[in-house]
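Structural overview
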Amino acid sequence: SFLSVNEFVARTTNKQNFMKIVLICDSAGSGKTTLLKKIYEIFLEKYDDYWISFISLRDYVNELSTNIEGDFQKLMAKVLNLNELSLEIFLQKFSQGKVKILFDGFDEISHKENTMHLFKLFQLTFGNNQIFITSRASLGLEKVLKTPCYSLKVLDDDEQVQFLCNFWGKSH
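Report on the accompanying structure.

What counts and how
Residues numbered from 1 in each chain as written. Predicted model: local features only at pLDDT ≥ 70, side-chain atom pairs only at ≥ 80, totals over all residues. Heavy atoms only, no water. Helix = DSSP H or I, 4+ residues; strand = E, 2+ residues; numbered from the N terminus. Buried < 20%, exposed > 50% of the residue type's maximum accessible area, 1.4 Å probe, protein only. Polar contact = N/O pair within 3.5 Å; in protein donor to acceptor, adjacent residues only side chain to side chain. Contact = heavy atoms within 4.5 Å. Pairing = 2+ DSSP bridges. Axes fitted to C-alpha atoms, helices over the stretch in contact; angles between N-to-C directions. Patch = residues over 30% accessible without salt bridge, like charges linked within 9 Å, V, L, I, M, F, W, Y side chains within 5 Å. Areas by Shrake-Rupley, 256 points an atom, 1.4 Å probe, with all protein chains shown as cover. Salt bridge = Lys/Arg side-chain N within 4 Å of Asp/Glu carboxyl O. Phe/Tyr/Trp six-rings, centres within 6.5 Å; stacked < 30°, edge-to-face > 60°. Lys NZ or Arg CZ within 6 Å of the ring centre and 35° of its normal. Disulfide = S-S within 2.5 Å.

Things to note about the side chain of threonine 12
For threonine 12, the location among the structural elements is in helix H1 (residues 5-13). Its relative accessible area of 0% is what places threonine 12 among the buried residues. From its side chain, threonine 12 meets the backbone oxygen of phenylalanine 8 in a polar contact 2.9 Å long. The contacts of threonine 12, once residues within four sequence positions are left out, are Asn17, Phe18, Met19, Val22, Gln130, Phe132 and Tyr150.

If you want it as structure tokens, here you go:
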């Protein structure tokens, strides 16, 4: 079914339908990164006491190219290059279930196995921490992570007119 960004965030974060890992998979240029950035903005407004990170995976190729060992928190500290104080805050928020990390562009990196391992380690953690992942195709993410993949709906001409009228506050 068709959801607005706010409805999508509400659906994937509320206690009743909470999803630890949210996958957004669609074709190139469909708006995955734009959606993820909007979700990031909503999280910054809604969760002011959370640790929220937006990670473009292609910017972390070096950090993800080495063998990944250890627990998720320590690996994220390495990937994010956190100093001692930031690491302490990150670990505190993580233990409280107050971490949301948005990973963009899984399909654009070469070390998918290491990154997939990072995501699987995240699944083993407790609490209401959450990650969002975008990719052009599921690339096995749905199967390995055992979670559905959301896709974006391209609006037809009538839907575009309706959207713009609603956006501008006019009826047609």
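A word on the sheet that holds strand S4 (residues 130-135)
Strand order across the open sheet formed by five strands is S2-S3-S4-S1-S5, with parallel pairing between neighbours. Two strands bound the open sheet, and with one partner strand each, they are strand S2 (51-56) and strand S5 (149-150). One ladder, built from six bridges, connects S2 with strand S3 (residues 99-104); its direction is parallel. Bridge pairing in S3 places tryptophan 51 opposite valine 99. Running over the sheet, H1 touches strand S1 (21-25), S3, S4 and S5 and is turned about 130° from S4.

Quick notes on a nonpolar patch on the surface
A surface patch of nonpolar side chains, amounting to about 470 Å² of accessible area, comprises Phe163, Leu164, Phe167 and Trp168. Following the sequence through the fold, tryptophan 168 ends up in helix H8 (residues 157-168). Relative accessible area serves as the criterion here: at 55%, tryptophan 168 is assigned to the exposed category.

Description of the packing of aromatic side chains
Within the structure shown, the criterion is met by eleven aromatic pairs. Ring geometry for phenylalanine 8 and tyrosine 150: centres 4.8 Å apart, planes at 85°, overall edge-to-face. One end of the pair, phenylalanine 8, is in helix H1; the other, tyrosine 150, is in strand S5, and 142 residues separate them in sequence. Members of the aromatic cluster, each reached through a chain of ring pairs, are Phe8, Phe43, Tyr47, Tyr50, Phe132 and Tyr150. Positioned over the ring face of tyrosine 47 is lysine 100, at 4.8 Å from the centre of the ring.

Section: the state of the cysteines
Under the defined criterion, the tally for this structure stands at one disulfide. The residue that forms a disulfide with cysteine 25 is cysteine 149, at a sulfur-sulfur distance of 1.9 Å. Taking the torsion about the S-S bond as the criterion, the cysteine 25 to cysteine 149 disulfide, at about 120°, is right-handed. One end of the pair, cysteine 25, is in strand S1; the other, cysteine 149, is in strand S5, and 124 residues separate them in sequence. For cysteine 25, a relative accessible area of 9% translates into the label buried. The exposure class assigned to cysteine 149 is partly exposed, which follows from its relative accessible area of 21%.

Note that all results are geometric; they support no functional claim without further evidence.
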